[in-house]
Amino acid sequence: MKDVLLSKRKWLFQFCCAFSFFLLICILHTWTNLDIAFQSLWYNDDTKNWWLTAEEFNATRWLWYGGAKKAISIFAGICGFVLLLSFFIQKVKIWRKCCVLLLLSLLFVPLLVGAGKKVTNVYCPNQLAEFNGTYEQHRMFEILQGERALEPQGRCFPAGHCSGGYALMMLFFALPFPRYRYAGLLIGLTVGSLMGGYQIVRGEHFLSDTLSTICWAWMINLVIVYGIEKYKYLLKLNDSPAIMDFSH
């Protein structure tokens, strides 16, 4: 069992760390102005433009916005195809669990992040009066009264665009070759951060929105790993290398 990545204790430790970091982000968002201070670095108060202007966004969205989403969708399609082949070709069987984990992550991370955006009621930077927007800033889960109660719901926390990129952090758990795990983690962090950073410099998200998505993705991935390892017999994954050791 020396190649097993997680014991129950390590799994719980990682989950608690991710959850604690998420709580810290929520506290900083609610009781400090660090988000506003960081976001101001990317906004020109004289020209009322973001570091990435609307014109530059239109010129580059094919790559960093639509293109990035399409690339992740194509990658998910490849995983689905390899998963199907693994039931017919013995040499491909080693990739079966990897594909299952990646597909579940690419499904549930964006889905649950999108659900979270609907309840936190946080505005994007470019919607706020501080950045030539319309609305006053309010804190997470704040109950608005009077005329403010009629304002549209804010849907920027956590960040949704980068969720597909951070879902790729599942490569850390999924890759069947242990020596490549950290390379897989780096891929997920890099892709997600590039997608998230792109949104920050054009005023679509705060830093806390993006950091919270990392936490959500890691916690969701841990739950997926736990479920798949616990019930791997349902997908005929008993012969795949174990990720968790439930005896410790």
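Structural notes, computed from the coordinates.

**What to know about the overall build of the protein chain**
Along the backbone of the protein chain there are nine helices and four strands. Its helices and strands taken in sequence order, the protein chain reads β-α-α-β-β-α-α-α-α-α-α-α-β from the N to the C terminus. Expressed along its principal axes, the backbone C-alpha trace of the protein chain runs to roughly 60 × 40 × 30 Å. Taken across its 248 residues, the protein chain has 44% of its residues classed as buried. For the protein chain, the accessible surface area stands at approximately 13500 Å², while carbon and sulfur atoms represent 66% of it. Positive and negative charge centroids in the protein chain, built from 23 and 16 side chains respectively, lie 19 Å apart.

**Concerning the packing of helix α4 (residues 66–85) against helix α5 (residues 96–120)**
Between α4 and α5, the shortest axis-to-axis distance is 9 Å and the interhelical angle comes to 145 degrees. Of the two elements, α4 crosses α5, and the hand of that crossing is left-handed. In contact with I72, F75, A76, C79, G80, V82 and L83 of α4, α5 contributes R96, C99, V100, L102, L103 and L106. A per-class count over the contact of α4 with α5 returns 11 nonpolar, one polar and one charged.

**Topic: helix α8 (residues 181–200)**
A rise of 1.5 Å per residue sets the reference length of α8, with its 20 residues, at 28 Å; its end C-alpha atoms lie 28 Å apart and thus fit the reference within 8%. All of the buried residues in α8 are R181, G184, L185, G188, G192, M195, G196, Y198, Q199 and I200.

**A closer look at the packing of aromatic side chains**
Under the definition given, this model contains 19 aromatic pairs. Between F38 and W42, the aromatic rings sit 6.1 Å apart at their centres with planes inclined by 70 degrees, giving edge-to-face as the arrangement. The class of W42 is partly exposed, set by a relative accessible area of 24%. Each ring, one from F172 and one from Y182, has its centre 5.2 Å from the other, and the planes form 65 degrees; the classification is edge-to-face. One end of the pair, F172, is in helix α7 (residues 171–174); the other, Y182, is in helix α8, and 10 residues separate them in sequence. Three or more aromatic residues link up through ring pairs in this structure, and these residues are F57, W64, Y65 and Y198. Directly above the aromatic system of F87 lies the positively charged group of R96, at a separation of 3.9 Å from the ring centroid. The ring of F57 carries R202 above its face, with NZ or CZ at 3.6 Å from the centroid.

**A few points about the packing of α8 against helix α9 (residues 207–230)**
The N-to-C vectors of α8 and α9 enclose an angle of 150 degrees; their axes lie 10 Å apart at closest approach. Taken together, the axes of α8 and α9 lie roughly antiparallel to each other. Like other packed secondary-structure pairs, α8 and α9 cross with a definite hand, here right-handed. Residues L185, L189, G196 and I200 of α8 pack against L207, T210, I214 and W218 of α9. When its residues are assigned to classes, the contact of α8 with α9 shows six nonpolar, two polar and no charged.

**Brief notes about the environment of G165**
Mapped onto the elements, G165 comes out in helix α6 (residues 163–167). Through-space distance from the C-alpha of G165 to that of V109 is 9.6 Å; in sequence the pair is 56 residues apart. In contact with G165, other than residues within four places in its own chain, are I72, G188, V191, G192 and M195.

Definitions and cut-offs
Residues numbered from 1 in each chain as written. Predicted model: local features only at pLDDT ≥ 70, side-chain atom pairs only at ≥ 80, totals over all residues. Heavy atoms only, no water. Helix = DSSP H or I, 4+ residues; strand = E, 2+ residues; numbered from the N terminus. Buried < 20%, exposed > 50% of the residue type's maximum accessible area, 1.4 Å probe, protein only. Areas by Shrake-Rupley, 256 points an atom, 1.4 Å probe, with all protein chains shown as cover. Lys, Arg positive; Asp, Glu negative; His and termini not counted. Charge placed at Lys NZ, Arg CZ, Asp CG, Glu CD. Axes fitted to C-alpha atoms, helices over the stretch in contact; angles between N-to-C directions. Left-handed = near helix turned anticlockwise from the far one by under 90°. Contact = heavy atoms within 4.5 Å. Nonpolar A, V, L, I, M, F, W, Y, C, P; charged D, E, K, R; others polar. Expected span 1.5 Å × (residues − 1). Phe/Tyr/Trp six-rings, centres within 6.5 Å; stacked < 30°, edge-to-face > 60°. Lys NZ or Arg CZ within 6 Å of the ring centre and 35° of its normal. Parallel < 35°, antiparallel > 145°, perpendicular 65-115°, else oblique.

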